[in-house]
Amino acid sequence: MAELTVVASGPATFTRQVSADEPASILAEHDGVSLHIEREIRSADAFETVIDPTFRGGGPTVCKSILVDDLLADHAMDGYQRDGAIDDWSLELTGTATDWKQLALELVPDLHRCATDEAAAVTRLRKLTADGITNDGAVLAALDIVDQHGIDTNRDRLTELLTDSEDENESVS
């Protein structure tokens, strides 16, 4: 079974009614809380909650603010809300190349812009990686699909994404 992980981290505020007794009402508030939410994706259906399988526009393939807010609503304790700008949150999809390949190929029946379903999967993986939210497993999966199915594509566009992430890691060190 394929498994990807969505990881979102960022600032939040916690507000919750603790007690509403007659003599006093107690409200708990915590500002400046940092949250780290992880959610596993094990099916194409769950993957579709992260990306739009029919996405055809330019720009990001993932709506970061909707995804973070959905993760908060579904997986954080009641009372947490995203605080500050969405740019203050980090968002990453991680998984092995095998898992990326399996889930990308499971999504492709809904795509018809490319010559083949496999080419559509490669395009999706490239776009997700170019958006900066995936690990190298997505690019390696795309390269594997290209090799396995003899897809005519510019491999440099994919390998540059690997090189870009390596360059970023070296500049952080």
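Think of each chain on its own: its residues are numbered from 1, step by step along the sequence as written. Confidence filtering applies because this is a predicted model: local features only for residues at pLDDT of at least 70, side-chain atom pairs given and counted only at 80 or more, and all residues used for totals across whole chains, interfaces and linings. The basis for the side-chain values is all heavy atoms of the structure; hydrogens and waters are excluded.

When helices and strands are counted, the protein chain shows six helices and four strands. Listed by position from the N terminus, the elements making up the protein chain come as β-β-α-α-β-β-α-α-α-α. Counting only residues that meet the buried cut, the protein chain has 39% of its 173 residues in that class. The contact criterion used throughout is that any non-hydrogen atoms of two residues lie within 4.5 Å. Considering only contacts in the protein chain between residues 6 or more positions apart, those separated by 24 or more positions represent 66%. The protein chains shown are the only cover counted for residues, whose accessible areas, like all others here, come from Shrake-Rupley with a 1.4 Å probe. Element-wise, carbon and sulfur atoms account for 45% of the exposed surface of the protein chain, whose accessible area totals about 9,800 Å². The way it works is that DSSP assigns letters per residue, a run of H or I at least four long becomes a helix, a run of E at least two long becomes a strand, and they are numbered from the N terminus. Between buried and exposed lies partly exposed: a residue is buried under 20% and exposed over 50% of the maximum accessible area for its type, with that area taken using a 1.4 Å probe on protein chains only.

Turning to the side chain of D99, a few remarks are in order. When you line up the elements, D99 lands in helix α3 (residues 97-107). For the purpose of charge, His is not counted, nor are the chain termini; Lys and Arg are scored as positive and Asp and Glu as negative. Should a side-chain nitrogen of Lys or Arg be within 4 Å of a carboxyl oxygen of Asp or Glu, the pair is scored as a salt bridge. Of the buried charged residues, D99 lacks a salt bridge, with R42 as the closest side chain of opposite charge at 9.0 Å. Contacts of D99, omitting those with residues within four sequence positions, involve M1, A2, E3 and L4.

Moving on to the packing of α3 against helix α5 (residues 136-149). Close contact between α3 and α5 brings their axes to 8 Å; oriented N to C, the two are set at 65 degrees. One element, α3, and the other, α5, form an angle in the roughly perpendicular class. The crossing of α3 and α5 is right-handed. For the pair α3 and α5, the contacting residues are A97, W100, K101 and L105 in the first and G137, A138, L140, A141, D144, I145 and Q148 in the second. Among the residues making up the contact of α3 with α5, the classes are represented as seven nonpolar, two polar and two charged. Note on geometry: axes are C-alpha line fits, over the in-contact stretch for helices, and angles between N-to-C directions span 0 to 180 degrees. Angles below 35 degrees are treated as roughly parallel, those above 145 as roughly antiparallel, those between 65 and 115 as roughly perpendicular, and all remaining angles as oblique. Crossings are sorted by hand: turned counterclockwise from the far helix by less than a right angle, the near helix makes the crossing left-handed, and turned clockwise it makes it right-handed. Side-chain classes are defined by residue name, with Ala, Val, Leu, Ile, Met, Phe, Trp, Tyr, Cys and Pro counting as nonpolar, Asp, Glu, Lys and Arg as charged, and the others, Gly among them, as polar.

With that settled, the discussion passes to the side chain of T129. Along the chain, T129 falls in helix α4 (residues 117-130). There is a polar contact of 2.9 Å between the side chain of T129 and the side chain of T134. Residues in contact with T129, not counting those within four places in the same chain, are T134, A138, V139 and L161. In protein, a polar contact means a hydrogen-donor-capable atom and an acceptor-capable atom, both N or O and within 3.5 Å, with residues adjacent in sequence counting only if both atoms are side-chain atoms; elsewhere, any N or O pair within 3.5 Å suffices.

Caution is warranted with low-pLDDT regions, since their predicted coordinates should not be read in detail. Per-residue confidence from the predictor is given as pLDDT, running between 0 and 100. Across the protein chain, the average pLDDT comes to 82, with 80% of residues at or above 70. When pLDDT is averaged over each element of the protein chain, α5 comes out on top at 94 and helix α6 (residues 155-172) at the bottom at 70.

The next point concerns the nonpolar core. In these notes, a set of buried Ala, Val, Leu, Ile, Met, Phe, Trp, Tyr and Cys residues joined through side-chain atoms within 4.5 Å is what counts as a nonpolar core. Formed by 44 residues in total, the largest nonpolar core has its most connected members in V6, I41, F47, W100 and L125. Ranked by the residues each element gives to this core, the list is headed by α5, at seven residues. Discounting residues that sit within four places of it in the chain, L125 has contacts with W100, A104, A138, A141, A142 and I145.

Turning next to the packing of α3 against α4. Here α3 crosses α4 at 120 degrees, and the two axes come no closer than 9 Å. As the angle between them shows, α3 and α4 are arranged oblique. Here α3 runs over α4; the crossing is right-handed. Each of W100, A104, L105 and L107 in α3 lies in contact with α4, whose residues at this interface are E118, A121, R124, L125 and L128.

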